[in-house]
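Descriptive analysis of the structure
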Amino acid sequence: MKISVVDGVNARLSFAVCAAAFGSAFQHGYNLGVINAPLTLIEDWMNTTSYERSEEYITQTEQTMITSWIVSIYCIGGMVGGGLTGFFSERYGRKGGLLLNNITAISAAIFFGFCKMASSWEMIIIGRFLIGINNGLNAGLAPMYLSEIAPTTLRGAIGTVYQLVVTISILFSQVMGLESLLGTEDLWPILLALTILPAIFQLCTLPICPESPKFLLINKEKRIEAQRALSWLRDSSNIHEELEEMQNEAEAQKLVPRVSLREILTNPALRIPLVIAMMMMIAQQLSGINAAIFFSVKIYEQAGLNEDESLYATIAMGTMNVLMTFVSLVLVEKAGRKTLHAHWFVRHDDRYYSSYLVSRSPVRIS
Ligand SMILES: *[C@@H]1O[C@H](CO)[C@@H](O)[C@H](O)[C@H]1NC(C)=O
């Protein structure tokens, strides 16, 4: 019996999806986009702060250096967070990991909120590092949780929720950066600190939701708890078939050999998947989209637009990003991944692609 898409949806599942997606994907997209608009304001503030601190104005070189650190230490944090995903998801579970991760978001928000008061741009750098860790972890944990709580029929659709919310929240952060909202000399610390809201939202909603039933069943081997979690999510006690299916899937996976990182690099049979995966990542980075997401306001200003026009052009770019994500979500089912990928990888999450490739390669990566 095939369950229709609408049948799989219920209020509890939707609640859990929102708790994970808004609390995590929103956090991710917001911080990708938020630094773009207030960058010039922050630079001016650094100059006056430098004068207050040492009676000397900042030099152009120092200013560029500090700004670059503020923007890019986020990516270093992202790498750290991404690297911790495996550990967190096994040790604390998907839900537990997501909940714990809010500590980094709240600490970051505190550093952002008080940096101006403390006349310290170092605090912005620390905050950006922390929120980078947060986003790296979210990018791993949230899609994992989402795909594991989704019924098979909805897995694809729910899997794309994360990406969609990321692009929408990039746009949201750009809009909030407008001068009429929070993009002013006094309010930019609040613009950055707003990242505390998705954390609070998640801390209020996610504890009500159960841990991933798949994690409970397969990693923890707690059948009763898995059963309870699944029946909460499906809002039904008729879940034995699905639980069985989950168990079988796990058993089948155990037969697939686990591969170490070293083997990935040395096993000739894995060379082609490895090259494809790397090409996807490299191509996405070389498309330059991240530079545009971080610096478009400055780029437009240097191209001759005034401050307002640059902000609006950035918002137009963010809107396009959201629209094209919708288009690609529809097209990807119709036209296929490979045909589309020239467009597809321009904005899509690294993780989505790697998991897509991994799920189709003949081995499981440990
Ligand atoms: C810092 O402010 C001073 C005084 O307003 C100005 O002359 C100088 O160009 C500024 N420096 C930078 C790097 O913006």
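Everything quoted here is computed from the prediction, not taken from an experiment.

Taken as a whole and judged by the stated rule, the model has 10 aromatic pairs. Relative to Phe 294, the ring of Tyr 74 has its centre 6.1 Å away and its plane inclined at 85°; by these criteria the two rings are edge-to-face. Residue Tyr 74 is located in helix 4 (residues 60–91), and its partner Phe 294 is located in helix 15 (residues 289–302); the two are separated by 220 residues in the primary sequence. We note that Tyr 74, like Phe 294, is buried. Taken together, the ring pairs in this structure connect Phe 26, Tyr 30 and Phe 172 into an aromatic cluster. Lying across the ring of Trp 121, Arg 53 places its NZ or CZ 4.1 Å from the centre.

This part takes up unusual backbone geometry. Unlike most non-glycine residues, Ser 119 shows phi in positive territory, near 50°. Notably, Glu 221 is not glycine yet its phi reads approximately 55°, a positive angle. With respect to the helices and strands, the residue Glu 221 is situated in the loop between helix 10 (213–219) and helix 11 (223–234). The class for Glu 221 is exposed, based on a relative accessible area of 62%.

The biggest cluster of nonpolar side chains holds 65 residues, and the ones touching the most others in it are Ile 35, Ile 42, Met 46, Ile 70, Ile 124, Tyr 145 and Leu 192. Sorting the residues of this core by element identifies helix 2 (11–33), helix 3 (39–54), helix 4, helix 5 (93–114), helix 6 (121–149), helix 7 (155–176), helix 8 (188–193) and helix 15 as the ones contributing at least two each. Looking at this core element by element, the count peaks at 14 residues for helix 6. With near-sequence residues (within four places) excluded, Met 46 lies in contact with Ile 58, Gln 63, Ile 66, Thr 67, Ile 70 and Trp 121. Phe 215, Ile 239, Leu 243 and Met 246 belong to the second largest nonpolar core, which has nine residues in total.

A separate point is the UniProt feature "transmembrane region" (unreviewed entry) in the chain. UniProt feature "transmembrane region" (unreviewed entry): in the numbering of this structure it lies at residues 66–87, 99–119, 125–146, 158–176, 188–209, 272–299 and 311–332. This span, residues 66–87, is 100% helix and 0% strand, and a straight line between its end C-alpha atoms measures 32 Å. Between the end C-alpha atoms of residues 311–332 there is a gap of 31 Å, over a span that is 100% helix and 0% strand.

Glancing now at the state of the cysteines. Under the criterion given, the structure shown has zero disulfides. The thiol of Cys 209 is unpaired, and the distance to the nearest cysteine sulfur, on Cys 18, comes to 9.3 Å.

The next subject is empty space enclosed by the protein. Applying the stated rule across the entire model yields two cavities of 30 Å³ or more. The space that makes up the largest cavity amounts to roughly 70 Å³. Lining the largest cavity, in full, are Glu 148, Ala 150, Pro 151, Thr 152, Arg 155, Lys 214, Arg 234, Glu 242, Glu 245, Met 246 and Glu 249. With four residues, the single largest contributor to the lining of the largest cavity is helix 12 (residues 240–255). In terms of residue class, the lining of the largest cavity is made up of three nonpolar, one polar and seven charged.

Here we come to the pattern of salt bridges. Enumeration according to the criterion identifies 11 salt bridges in this entry. The partner of Arg 53 in a salt bridge is Glu 122, and the shortest N-O contact between them spans 2.9 Å. Of this pair, Arg 53 sits in helix 3 while Glu 122 sits in helix 6, and the two are 69 residues apart along the sequence. Judged by its relative accessible area of 43%, Arg 53 falls in the partly exposed class.

Criteria and cut-off values
Residues numbered from 1 in each chain as written. Predicted model: local features only at pLDDT ≥ 70, side-chain atom pairs only at ≥ 80, totals over all residues. Heavy atoms only, no water. Phe/Tyr/Trp six-rings, centres within 6.5 Å; stacked < 30°, edge-to-face > 60°. Helix = DSSP H or I, 4+ residues; strand = E, 2+ residues; numbered from the N terminus. Buried < 20%, exposed > 50% of the residue type's maximum accessible area, 1.4 Å probe, protein only. Lys NZ or Arg CZ within 6 Å of the ring centre and 35° of its normal. Core = buried A, V, L, I, M, F, W, Y, C linked by side-chain atoms within 4.5 Å. Contact = heavy atoms within 4.5 Å. UniProt positions renumbered as here; feature names shortened; annotations may be inferred. Disulfide = S-S within 2.5 Å. 1 Å grid on protein atoms, 1.4 Å probe; cavity = no way out; pocket = protein on both sides within 12 Å on 5 of 7 lines; lining within 4 Å. Points joined across faces, edges and corners; volume = space filled by probe spheres on them. Nonpolar A, V, L, I, M, F, W, Y, C, P; charged D, E, K, R; others polar. Salt bridge = Lys/Arg side-chain N within 4 Å of Asp/Glu carboxyl O.

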